[in-house]
Structure formats: C-alpha cells, structure tokens
Amino acid sequence: MTIWFFALILTGIACATLYYAGAGRRVNAGGLPADATTAHFRAQLGAIETDAALGRLGTAEAIAAKAELAREVLRAKAAAPAARDGQVPLWVPLLLVAVLALGTYGWLGRPDLPAAPLAQRDIGAEGAFDLGAAVETIEARLIENPGDLRGWRVVAPAYMQLGRYADAVRALRRVNELAPPTADSLTDLAEALMMQQNGSVAGEPLELLRRAQALDAGHVRSLYYIAGEETRSGDYDAAIRDWNALLKLARGDEPWVVTAENGLAFAEAGGAAAPDAAAIDAMVDGLEARLGTTGGSLAEWTQLVRSRLAQGRTDAAQAAYDRARAAYPDAAARAELDALAADNGLTP
C-alpha cells in the first residue's frame, strides 16, 4: 500500500497547486469555440482508435490514451469562460482529474510488480507488431460496419503487404464505391489487379489507369504504367508521347527516371532494343514503388535486389538491400537475401 500512499500525496499536492494557481483569477483570453474544441478532441480520439486497430497501441495503452484525452477535455472545460450563473467551482474538475487518474492506474497499473532493469527487458517483444492480428481486428469491425471507409482504406495496403491480392482488390473496390474515385485510389486498385494478373496491365488495370489519367493528367504512377504498357504492346507513338510527358514531371532523382529514359529510347528506335526490355524495367520499378509504399514479403524484397543486380544498377540494389534489412531485422530469416548481397558485393 506504500505506493498508493505516495500516489495520494502527490495527487493532492498537484491538485492543491492547480487550485492555488487558478482560484480567484480570470483569464482575459477566451477558450476555443465549442465546435473547434469538440472537433479537435474527436480527431484525437479517432487517431487513438486507428492506432489501436492497427496494433500500434495495445488495449491497455489505448485505454490509457483515452483516459489522458478525457483529462484534456476536463482541463479545456475548466479553462473555458463559464457563465456567471451556475459557474462550476474550480475544485470540481480538479477532483475529477484526481479520481480519473487514480482510478485508471488502479485498473491498469501493477504496483505489486518489482521494477525490471532495462537490460533485462525484452524490447523486441514489447514493440512486436502482429499485422495479421491487426487485420483480423479491422475485418471484424468491417463485418459489423461495411460502410466504414476509413477501415477499408487502412486494411487495403495491409492486404497488399500480406500478399492477399484478391482481398486487396475487394477492399479497394469498396474504397472507390464509398468515396468519389481519385487518381490515387484508381491506381491503387489497378496495382492490386496487376498483382493478381502476375504483373499484367492488360484489361481492367489499363482501363483504371486511363480513368486515373483523365482525373489528373499529371498523375505520375498511372502515366508510368500506361507508357510501359504502350511500349510493350508496340504502340510506339503513344509511348513516345507519354514517356516524354512523364519525364517532364520528374525532378530528376526519382528511381523511375532511368526506366522512363530507356523506354523512350526503345520507343524512338521502333522497338530495336531487346524485346520487352522497357516493360521489364517498368515492372521492376513498379515493384520497388509498391514495396516502398506498402511493404511486402521478404521474397519480394529479394526479387527486387536480384532484379536491380541483373539490370546492372548496383546502387539501386544496395538501396533496396538496406531497406529490406530494415524491414526484416531477423538475420536467420534473411539468409538467402544476405547470401545474394554478399555474392554481389553489397554491404550491410
């Protein structure tokens, strides 16, 4: 009970200090308007719920975060100017803060446990994130509320990372049904369909990409895939036009610039280069873009490193290897990738 005794003393001191500081004093500046305050706290609550759904916060952490948000609400209300008639005394919110703080700690805290030295803590286990479990949680919520646009937007890239492309397609179709389609949302759906088709842009993916371009002529991802498909299919006049349009949108340091330049040269030569060379480069760049955006399996990272090495782009292979190591720190699981890197002069 010693810890509770000191907790009560500290809480009492804090409340007394706040009361002394605020009693009998008026603040010249008014508080936030009610609507703005409510919107602010609702946004914070939504962020907490999103983090909990994704597994970034555990159940206990989410409850603690909501408790802290509740205390902020009380502090905001205490600071706001009250009407003269029926004004709430300052000690009321202070008492509520004290009760809420002690109650939350009493529910979540474990004062009976001995302190664990930092060196003995399993930091990896404490920070572990189970993507599959997080997806299951979101799926359960979407069954109850299939119109939850935010839920579909969150789960779609998780499906892509897990290699569940059919589920990603289904989720992205819902995103485009529940909200007006954008160039990004249409291209996301096209990419998921392409993964289902083993990288092929033909058919519905190409239609979606052209719709994306119609919405935003300066949309890089959709134009990139369209130019690559035009090159592959032999529509060189269109490919020249679109590769040039794409290069005008580049700053010059994007990873896809080399592919765009090669594709343009291939199209201008009327396909005189190696067959499908530009299309292959486009696929590798597309893989890199997806892994950088949504992540992917260790096998996909290994494929990206191998492809960059085959292209002779050692710097790009090294960069991909570095990102793969960051995404998969377990050296045992990464044995094949590490061996490929060592054999080709890449360094950790």
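Anything mentioned here points back to the structure above.
Per chain, the residues get numbers from 1 upward, laid out in the order the sequence is written. Where local features are concerned, this predicted model is filtered to residues with pLDDT of at least 70; where side-chain atom pairs are given and counted, the filter is 80 or more; whole-chain, interface and lining totals use all residues. Excluded from the side-chain calculation are hydrogens and water; included are all heavy atoms of the structure.

Caption draft 1: The arrangement of the packing of helix H15 (residues 298-310) against helix H17 (residues 335-343) in detail. At a minimum axis distance of 10 Å, the contact between H15 and H17 shows a crossing angle of 10°. Comparing the axis directions of H15 and H17 gives the class roughly parallel. Remark: the crossing between H15 and H17 carries left-handed chirality. Counted together, Leu298, Thr302, Val305, Arg306 and Leu309 of H15 and Glu336, Leu337 and Leu340 of H17 form the full contact between these two elements. For the contact of H15 with H17, the class distribution of residues is five nonpolar, one polar and two charged. Structural elements are reduced to axes, namely lines fitted to C-alpha atoms, with helices fitted over the stretch in contact, and the angle between N-to-C directions of any two is expressed from 0 to 180 degrees. Counting from the N terminus, the helices are the DSSP runs of H or I reaching at least four residues and the strands are the DSSP runs of E reaching at least two. The scheme is simple: roughly parallel for angles under 35 degrees, roughly antiparallel for over 145, roughly perpendicular for 65 to 115, oblique for anything else. Take the far helix as your reference; a near helix turned counterclockwise from it by less than a right angle gives a left-handed crossing, and one turned clockwise gives a right-handed crossing. The contact definition used throughout considers only heavy atoms, calling two residues in contact when any of these lie within 4.5 Å. Asp, Glu, Lys and Arg are counted as charged, while Ala, Val, Leu, Ile, Met, Phe, Trp, Tyr, Cys and Pro are counted as nonpolar; the rest, among them Gly, fall into the polar class.

Caption draft 2: Region of the structure containing the pattern of salt bridges. Take a side-chain nitrogen of Lys or Arg and a carboxyl oxygen of Asp or Glu: if they are within 4 Å of each other, that pair is a salt bridge. Evaluated as defined, the whole model comprises 16 salt bridges. Among the salt bridges present, the one from Arg241 reaches Asp242, with a minimum N-O distance of 3.2 Å. The exposure class assigned to Arg241 is exposed, which follows from its relative accessible area of 52%. For Arg251, the salt bridge goes to Glu254, with nearest N and O atoms at 3.7 Å. Each residue is assigned to one of three classes by its accessible area relative to the maximum for its type, calculated with a 1.4 Å probe on protein chains only: buried under 20%, partly exposed between the two thresholds, exposed over 50%. Owing to a relative accessible area of 11%, Glu254 belongs among the buried residues under this scheme. Residues joined in a network through salt bridges with shared partners are Glu139, Arg164, Asp167 and Arg170.

Caption draft 3: Region of interest: helix H8 (residues 165-178). One less than the residue count of a helix, multiplied by 1.5 Å, gives the span that helix is expected to have. For H8, built from 14 residues, the straight-helix expectation of 20 Å at 1.5 Å per residue is met to within 8% by its first-to-last C-alpha distance of 20 Å. All of the buried residues along H8 are Tyr165, Ala168, Val169, Ala171, Leu172, Val175 and Asn176.

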